[in-house]
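# Observations on chain architecture
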Amino acid sequence: MDALPSYLDQSEAVRARFARIRQREVILEVRGLHKRYQSAQGETEALRDINFKVRRREFVCVIGPSGCGKSTLIRILAGLESHSAGDVLLDDKPVSGPGRDRGMVFQGYSLFPWLTVKKNVMFGPEISGFSHDSAEREARLWLDVVGLSKFADAYPHELSGGMRQRVAIARALVNQPRILLMDEPFGALDAQTRAKMQTHLLEIWRNLDITILFITHDLDEAIYLADRVLVLKAHPGEVQEVIEVPVPRPRLPGQFSSPEFRATKDRLEALIHPAEEDGDLSPALAEDSALQQHMIRFTDVADNVE
Amino acid sequence: MSLGFPAAIAHLPESRQRALLAVGSFLLPILVWCMISYLPFLWHPKVMVEEPGGVGYFQAGMLIDHADFAEQARQMREQGLALPSGIPANPIYLPAPHLVAKAFYTGFTTPPQGRDGVWLHESLWHSIQIIFWGFVISSLFGVPLGILGGTYTVLGRLQEPFIEFFRYLPAPAFGALAVAVLGIYDGPKIAIIVIGTFFQQVLVIANTTRKLEITLIEAARTLGTRGARLITKVVLPGILPDLYRDQRILLGWAWTYLIVAELIGTSSGITWYITQQARYQHFENVYAAIIIIGIIGFGSDLLLARLGRRLFPWDRTQERK
Ligand SMILES: Nc1ncnc2c1ncn2[C@@H]1O[C@H](COP(=O)(O)OP(=O)(O)OP(=O)(O)O)[C@@H](O)[C@H]1O
Ligand SMILES: [Mg+2]
């Protein structure tokens, strides 16, 4: 078997593409971002000194182990959570509170169950003062984009999980945000639906002037989707590395086994699941081993399944 | 329904099974009542005199304890007088089903006694109005306060300790006060219903409001919603099915305060009817009136439940009952 190339090796086309991206204007800039939570157990430092920029029409994924602060980060960007220090700049202006310029897609259960699919998508335009008719026109357009025109009059509970997330995407996009923030939007879907949704999302992204910041804990998903992957580490949440994905575009499912893909995945794996070092257990690992030690048997001692 | 159905009805469709069981749940107690009433060897602790015989104080139709009847019969036998005769009977306060059934009809057809008497349906209508106004007034304040308290933490923490305290005070205890303030007619009765409902209402609805999925509010905020529109466009529609269900339950509670409320000041409504009938020992009328209250309460709840399924097609929990 051939040795894998380094994840840092980029083909000519990929390098040229990254050079072009770097020419584009910065949409989102995060500078020296800190987040501390005060709770009954004391203070947790969820995020420490986060710095990064996202440029126009870039697709950036954020990955990291559970509890590293991914949701905290994206919620701060969306304005749903305050930060303790640092700046979040959208088009060079600091953001405060949620706003129409940042669309958000949540992991699940975020559609309004009392509204039909179409009314869900019309929610944003109507709140911002569009007339009913033009809001409806917009909604139909965006439902068409996500391929759900036929379900305009269905209620969310009548849709499958994947369809609901497509509605959520349409509902966020109809406001024409500068950036689309997505917090593990496909996390609750089965593998097949998720693969379809990824392809679909890339399709949408390619055809729109939209910048995407996408959170996931699925390495394949991150590599498949992203231009760059922001790797966070936990306790406290810090940026460990920003990886430029060397897999050329357009992305196809067949690329999962390409050398670039595997090299990138190996690197991410090494970052996220580092080889255990004795005597230096991270808090998360310490928790894991505590779990194992406390496993009680609820069956006959002699009754082994393995 | 975790254990399924017995084989006898297991092959029927689910809705039929449920309907059958619902009918059964009413038939069973009625069956027990019939058995106690019509099977002379079950209970029947009294003897109803048919022929007084030689017993001076016996009259036809009188209810006598078994022991007393036997004692009198023994004395008559010793004195050589005519023996009394009688049949086993239940106490007067347990009329047989057919008597109560008849009372349903005669209750509505018997003209009121006395010059200021009222018909049964007038009594009922008066009671329904008391409930209605009590519930409406309570809801007018209780629903908004509950929603606001559930939405804004500060407001919730400001109002809830006092309301928690107040809801332990028994509403009827305010009867005398209510009469002093509101007079002796309908005012104090409505006030008791309001006091009995309002405090529960605020707490229950605040809780319901707090249970709204926070993601829905956050989603609305990222779509540009803020301020009062969060309440009118998200919180209110979001909790509406549950709010509706809460109101149904609270209306049931309001009914349970009715009798106490109507005893305050001048007795009125169905309570007045019941106490009158009990005074003349027309217990079949008393049962009929009590059952009518049940039918009205239960019937209106069924109607509201059905209406709920119409109103909230997206809420699948309305379908279960
Ligand atoms: N409201 C809060 N109060 C206190 N601590 C919090 C709060 N929210 C999050 N945290 C803490 O901040 C850290 C980061 O949480 P966060 O939810 O952002 O992680 P995450 O990376 O999204 O995890 P996951 O992959 O499980 O979704 C965790 O240690 C968590 O316990
Ligand atoms: Mg998370």
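Up top is the structure these notes are about.
Here is a short report on the structure shown in this document. (Residues numbered from 1 in each chain as written. Chains lettered and ligands numbered in written order. Predicted model: local features only at pLDDT ≥ 70, side-chain atom pairs only at ≥ 80, totals over all residues. Heavy atoms only, no water.)

### A look at the sheet that holds strand β2 (residues 42–55) of chain A
Residue and element names in this part refer to chain A. Here is the rule: Each pair of strands is called paired provided DSSP finds at least two bridges between the two strands. The way it works is that DSSP assigns letters per residue, a run of H or I at least four long becomes a helix, a run of E at least two long becomes a strand, and they are numbered from the N terminus.
Read across the sheet, four strands follow the order β2-β1-β4-β5 without closing on themselves; strand pairing throughout is antiparallel. Sheet topology places β2 and β5 (93–94) at the edges, where each strand pairs with a single neighbour. Bridge count between strand β1 (residues 26–39) and β2: 10 bridges; the pairing is antiparallel. The residue bridging valine 30 from the neighbouring strand is phenylalanine 52, located in β2.

### So, the packing of helix α8 (residues 186–210) of chain B against helix α10 (residues 228–256) of chain B
Residue and element names in this part refer to chain B. Our working definition: For helices, the fitted line uses only the C-alpha atoms of the stretch in contact; every axis is such a line through C-alpha atoms, and the angle between N-to-C directions lies from 0 to 180 degrees. Any angle from 65 to 115 degrees is called roughly perpendicular, while one under 35 is roughly parallel, one over 145 is roughly antiparallel, and all others are oblique. In a left-handed crossing the near helix is turned counterclockwise from the far helix by less than a right angle, and in a right-handed crossing that turn is clockwise. Whether two residues are in contact is decided by their heavy atoms: any pair within 4.5 Å suffices.
Between α8 and α10, the shortest axis-to-axis distance is 10 Å and the interhelical angle comes to 150 degrees. The angle between the axes of α8 and α10 places the two elements in the roughly antiparallel class. Of the two elements, α8 crosses α10, and the hand of that crossing is right-handed. On α10, the residues that touch Ile193, Thr197, Gln200, Gln201, Val204, Ile205, Thr208 and Thr209 of α8 are Val235, Ile239, Asp242, Leu243, Asp246, Gln247, Leu250, Trp253 and Ala254.

### Considering the site of ligand 1
Residues and elements named next belong to chain A. Convention followed: Throughout, the term near means that a residue has one or more heavy atoms lying within 4 Å of the molecule or strand in question. Identification of polar contacts relies on pairs of N or O atoms within 3.5 Å, with a donor-acceptor requirement for protein atoms, meaning one able to donate a hydrogen and the other able to accept it, and with residues adjacent in sequence counted only if both atoms are side-chain atoms. Shrake-Rupley sampling with a 1.4 Å probe provides the accessible areas, and residues are treated as covered by the protein chains on show and by no other component. As a working rule, the residues Ala, Val, Leu, Ile, Met, Phe, Trp, Tyr, Cys and Pro are called nonpolar, Asp, Glu, Lys and Arg charged, and the rest polar, with Gly in that last group.
Every residue lining ligand 1 is accounted for by Tyr37, Thr44, Ala46, Ser66, Gly67, Cys68, Gly69, Lys70, Ser71, Thr72 and Glu184. Here tyrosine 37 contributes a side-chain N or O atom positioned 3.3 Å from a nitrogen atom of ligand 1. At 3.0 Å, a backbone N or O of glycine 69 approaches an oxygen atom of ligand 1. Taken by itself ligand 1 offers 640 Å² of open surface, and the protein chains cover 62% of this. Elements with a contribution of two residues or more to the shell around ligand 1: β2 and α2 (70–78). No other element matches α2, which puts three residues into the shell around ligand 1. Partitioned by chemical class, the residues of the shell around ligand 1 number three nonpolar, six polar and two charged.

By themselves these figures say nothing about function.
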